[in-house]
Amino acid sequence: MKYFNVFLTGIKETIVYRAEFFSGLLAAFLNLLVLWFAWNAVFAASGLQVIGGFTISLMITYLIISSCLRPLTYTDIEYEMESDVRTGGISVFLTKPVSYPLFRLFKGFSNTVFHIITNVIPIFLVSILLIKISLPLNVVFFLISVFLAYFVNYFLAFLTGMWAFFSVGSIWGIKLSKQIVTDIMSGAVIPLVLFPQWFINIANLLPFQAIFNIPLLIYIGKIVGIDIFYSFIQQIFWILVLGSLSYVAWKRAEKKIVVQGG
Amino acid sequence: MVETIIEAKNLGKEFKTLKRESIVKDLFSRNYKKLKALDKINIEIKKGEFVGIIGPNGAGKSTLIKILTGILTPTSGYAKVKDIIPYEKRKENAKNIGVVFGWRTQLWWDLLVKDSYDLIKHLYKIPEDRFKENLETFITILDIDKYLKNPVRKLSLGERVRCDLAASLLHDPPILFLDEPTIGLDVVAKQQIRDFLTKINKEKEVTIIITTHDMGDIEELCQRVIIIDKGKKILDGSIDDIKNKFGTKRVIIVDFQDPIDRKKLKFKGVKTIEIEGNRIFLEINTKTASLSDVIKKILSKWPIHDIKIEEPDIEDIIRKIYRDGI
Amino acid sequence: MFQIWKQLVKMNVKRWMEYRIDFFVGITAIFLTNVISVLFFWVVFQQVPSLNGWTFNQLLFLLGISYLSFGIWHTFLSGISPHRIERYIRNGEFDFLLLRPFNPMLALILGNIDDDGLGDLIAGTMILGYASNMLAISWTFQNIILIILTIFGAVLIILSINILMSTATFWIIRSRMLSEILWPLMRFIDFPLDIYNPIIIFILTFVLPLGFINYYPAQTFLGKGVWKFSAYLTPVVGLIMFFISYIAWRYGIKNYTSTGS
């Protein structure tokens, strides 16, 4: 009964925030609207049915799903880490038998889940019903790649958050920069395949495309068969690399805190 | 004839607040309930007075101050500060008043104190020599020279209130409003501020209105006290008036030479409240017994070392008034 | 009054230099946000020669006017925002604004200079400069006056919309959501309005006149279509919008002082 009350309180709180809940959705919808018109104009201007391997409907699907995947990257962990440093709460973690990166992982995950429920599912349902976008050909593989993408992004965010430990400044600018670079280099805003080859080559060497590009291409069926597993390996590779870097950074930070006393 | 500098006539303020019922009901209809924060307040304050406004929390003190400073409009009656209606001519009124809120600084958080003062000089168009003169005076009395180069956000509470006080008076306003200025301060800081306020009230004839919960402030600073409760003015008079009217219980401390049996002290209207060896604390109800009569009786009956008459505790008096009304 | 503004600028610069890393990082981050639409056009024009009759440089010109105007607003005039008004009301600072012998709207607008806006300003200038160079626009005296008026009007439009959104805070305290919608709305004018359907064009012209920020003025400069004199409309629209927002603001303050906080 107690937990039911907690649930009720949560609902009440959500209603209080209902306007803000809608604004996030509205903003995403407006963005998609602009892109819908823009790409239609592009296809019309080109006179082609297919640009870069995309038909107009495939492009729209791509952009909608990209919009749905965005909440994956909504982690506030950078801000929480910054506040941990500022308030000194970070020292508390040193006394507990808990790994800080893992703690932040689970805490951040609940935030993500909330965003998925409030933002993604509505967009997704609306898109399927109204615009009739196609469902993924490989649902299972798609979900696996999304799952892996989450971790790639998480460790990237963690490293970004580490900035708070090693510099005096605020984290806001770095986080925004990271987000934009991710948006561009991951194909979230413009499919990577449309960029010149040299750009694609650089992007392939970076972890960002493991966050959006891979899941998106799996969804629309541009990555099939054995290539899917190759993509998974890429994602896992980045998880390991970024994860280790995070661990190393955390250890370094730990030492610094112990020496400086928080 | 000293001019009336602040006037409130039948001042009333009613708030409409949403009655929050269940979520579902709220979606369909809005129910308002009316809250009377001020009810027919009539006050006249003359130039140079030092008035304390006290009352229990939620009594309407802040509402009154907000109307007088121009940031709230009344729903009935009117108020005039130096012949200007503050909530109608806000900018003009601002030039005539200084304001210090104990809980929030008026200085710019990120700036150095002296930069804030410079900004004020420009905002109020204070002539340079007047500005320098005032600043010098305030720096000396309030002892804030060492904080001038600090950012405001780095000041402690006591330092900040002192800097705020200086800031509020740079433009030589004839009226100063203080809302809980000594809250949270230590004894030394409180005394500094009280001394400062007394000085400018006497020397510069600044009319000062102070709201406070600190009785020490009231006793030391105010000649006149206005008590507001539930939006109504329930008392308006000098401290002595209040003590005489309401100070019905006086305590005397008698140091007897020899031990005394307390039963012998059972006079009418006299109660023994504490015994420390030969020292006896007696509480006398001045409604039923005369203070001088009781003392005469004690002196005539027993040899004593010393007698002390305690001043009526204004705090107790006020507390009783809050509790029981007039 | 100008003295006060100079003082504030000095003090702000002092503060930025104190946190130099934040200063540069912030500007860079904001600068990057302007890159996305440029990249979009760059990528798209690998595939198509023109978009709805607009060439690459013409589109950059469109972006440039918008971003430059936005940058000016962001840096110098963004003091009134729903976020800030809400914060001031909550922590009581708004009352202090009213206690000063100074117009509160002016105090807010002029008193808050945002160094981050320099990222928008620099990006906008670069894009506009590059585009007008590539388009070989002749900067005759008339054109110079025109561009100044255009940007003046565009800045006023942006300012007015922000004031209107902020005014909503006086009635509905949690109006932060409104500013969240502003960013995607501004994205609409990254593209020439003719790509949209008539309803949207109508909204962006007569309801929320964002079109006058860059689309209509661009028509004049680029010699496009029937709207030869549309650039002159922009400052007019700007002034009208500002007038409306000022009235709304006054109304909002009246409401605030009668309901307290």
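Parameters at a glance
Residues numbered from 1 in each chain as written. Chains lettered and ligands numbered in written order. Predicted model: local features only at pLDDT ≥ 70, side-chain atom pairs only at ≥ 80, totals over all residues. Helix = DSSP H or I, 4+ residues; strand = E, 2+ residues; numbered from the N terminus. Rg over C-alpha atoms; globule rule 2.2 N^0.38 Å. Buried ≥ 20, exposed ≤ 12 C-beta atoms within 10 Å, placed from the backbone. Contact = placed C-beta atoms within 7 Å. Pairing = 2+ DSSP bridges. Axes fitted to C-alpha atoms, helices over the stretch in contact; angles between N-to-C directions. Nonpolar A, V, L, I, M, F, W, Y, C, P; charged D, E, K, R; others polar. Expected span 1.5 Å × (residues − 1). Parallel < 35°, antiparallel > 145°, perpendicular 65-115°, else oblique. Left-handed = near helix turned anticlockwise from the far one by under 90°. Core = buried A, V, L, I, M, F, W, Y, C linked by C-beta atoms within 7 Å. pLDDT = per-residue confidence, 0-100.

**What about the overall build of chain C?**
- The secondary structure content of chain C amounts to 13 helices and zero strands.
- Secondary structure elements of chain C occur, N-terminal to C-terminal, as α-α-α-α-α-α-α-α-α-α-α-α-α.
- Over its C-alpha atoms chain C spans a radius of gyration of 19 Å, differing by no more than 12% from the 18 Å that the globule rule assigns to 261 residues.
- Taken over the C-alpha atoms alone, chain C extends approximately 60 × 40 × 35 Å along its principal axes.
- When burial is assessed residue by residue, chain C has 46% of its 261 residues classed as buried.
- Once local pairs closer than 6 in sequence are excluded, the contacts in chain C between residues at least 24 apart make up 79%.

**Quick word on the environment of Ile227 of chain B**
All names here are of chain B.
- The residue Ile227 is located in strand β8 (residues 224–229) in this model.
- Separated by 33 residues in the primary sequence, Ile227 and Arg194 have C-alpha atoms spaced 20 Å apart.
- Beyond its immediate chain neighbours, meaning those up to four positions away, Ile227 contacts Ile54, Gly55, Ile234, Leu235 and Ile321.

**Here we look at the sheet that holds strand β13 (residues 304–309) of chain B**
All names here are of chain B.
- Spatially, four strands are ordered β11-β12-β10-β13 in an open sheet, and the strand pairing comes out antiparallel. Edge positions in the sheet fall to β11 (270–276) and β13, since each has one partner strand and no second. This sheet shows a mean twist of 20° between the axes of neighbouring strands, independent of strand direction.
- Here strand β10 (residues 249–256) pairs with β13 via five bridges, running antiparallel. When the sheet's bridge partners are listed, Asp255 is paired in β13 with Asp306.
- Along the sheet face, helix α10 (residues 291–301) touches β10, β11, β12 (279–285) and β13 and points at about 15° away from the line of β10.

**Here we look at the interface of chain A and chain C**
- Opposite the 31 residues of chain A that make contact, chain C presents 32 residues.
- Of all the secondary-structure elements, those providing two or more residues to the side of chain A that touches chain C are α2 (18–46) and α8 (172–185) of chain A.
- In terms of residue count, the dominant contributor to the side of chain A that touches chain C is α2 of chain A (15 residues).
- Among the residues forming the side of chain A that touches chain C, the class breakdown is 20 nonpolar, nine polar and two charged.

**Describing helix α3 (residues 56–69) of chain A**
- The end-to-end C-alpha distance of α3 of chain A, which contains 14 residues, comes to 20 Å, matching closely the 20 Å that a straight helix rising 1.5 Å per residue would cover.
- With ten of 14 residues buried, α3 of chain A is to be regarded as a mostly interior element.

**Remarks on the pairing of strand β5 (residues 97–101) of chain B**
- Of all five residues that make up β5 of chain B, five are buried, and the element is covered over most of its length.
- Residues Ile97, Val99 and Phe101 of chain B line one face of β5 of chain B and the alternating positions Gly98 and Val100 of chain B line the opposite face, and both faces are buried.

**Quick word on unusual backbone geometry**
All names here are of chain B.
- A positive phi angle, close to 55°, is found at Asp172, a residue other than glycine.
- Counting through the fold element by element, Asp172 comes out in the loop between α6 (157–169) and β6 (175–179).
- Positive phi, close to 55°, is recorded for Glu205, a residue that is not glycine.
- Classification of Glu205 as exposed rests on a count of 12 C-beta atoms within 10 Å.

**Observations concerning the packing of helix α4 (residues 56–77) of chain C against helix α8 (residues 117–134) of chain C**
All names here are of chain C.
- It is at 7 Å that the axes of α4 and α8 come closest, and there the two elements cross at 150°. Relative to α8, the element α4 lies roughly antiparallel. Handedness of the α4/α8 crossing: left-handed.
- Class assignment of the residues belonging to the contact of α4 with α8 gives a composition of 16 nonpolar, nine polar and one charged.

**Quick notes on the environment of Ser246 of chain A**
Residue and element names in this part refer to chain A.
- In this fold, Ser246 is placed in helix α11 (residues 226–260).
- Residue classification places Ser246 among the buried positions, given that 22 C-beta atoms sit within 10 Å.
- Ser246 sits 86 residues away from Thr160 along the chain, and the two C-alpha atoms are 9.5 Å apart.

**Some remarks on the packing of helix α9 (residues 141–171) of chain C against helix α13 (residues 230–259) of chain C**
Residue and element names in this part refer to chain C.
- One way to put it is that α9 packs onto α13 with a least axis distance of 7 Å and a crossing angle of 20°. In this view, α9 runs roughly parallel relative to α13, as classed from their interaxial angle. The two elements α9 and α13 cross, and the hand of that crossing is left-handed.
- Here the residues of the contact of α9 with α13 sort into 21 nonpolar, nine polar and no charged.

**Examining the sheet that holds strand β7 (residues 207–211) of chain B**
Residue and element names in this part refer to chain B.
- Pairing in this open sheet of six strands is mixed, and the strands run β5-β6-β7-β3-β8-β9 from one edge to the other. Both outer strands of the open sheet, β5 and β9 (232–238), are each paired with one neighbouring strand and no more. Pairs of neighbouring strands in the sheet enclose a mean axial angle of 15°, with direction left out of account.
- Against the sheet, α6 makes contact with β5 and β6, and its axis sits at roughly 165° relative to β5, the strand it touches most.

**Remarks on the nonpolar core**
- Ranked by internal contacts, the top residues of the largest apolar core, which has 192 residues, are Ala149 and Val152 of chain A, Phe177 of chain B together with Val155, Ile157 and Ile158 of chain C.
- Every residue in contact with Val152 of chain A, bar those within four places of it in the chain, is listed here: Pro207, Ala210, Ile211, Gln235, Trp238, Ile239 and Leu242 of chain A.
- By size, the runner-up hydrophobic cluster in this structure holds six residues, among which are Val254, Leu282, Val294 and Ile298 of chain B.

**Topic: the environment of Trp36 of chain A**
- Looking at the element boundaries, Trp36 of chain A is found in helix α2.
- Separated by 23 residues in sequence, Trp36 of chain A and Met59 of chain A have C-alpha atoms that sit 9.0 Å apart.

**Some words on the confidence of the model for chain C**
- In the predicted model, chain C carries a mean pLDDT of 89, and the fraction of residues at 70 or more is 96%.
- Here the complex is predicted with pTM 0.84, and the ipTM for its interfaces comes to 0.89.

**A word on helix α4 (residues 113–123) of chain B**
- Turning to α4 of chain B, its buried residues are Val113, Asp115, Ser116, Tyr117, Leu119, Ile120 and Lys121 of chain B.
- Along its buried surface, α4 of chain B packs onto α5 (128–142) and α6 of chain B together with α1 (2–18) of chain C.
- Positive phi shows up at Lys125 of chain B, right after α4 of chain B, with a value of about 55°.

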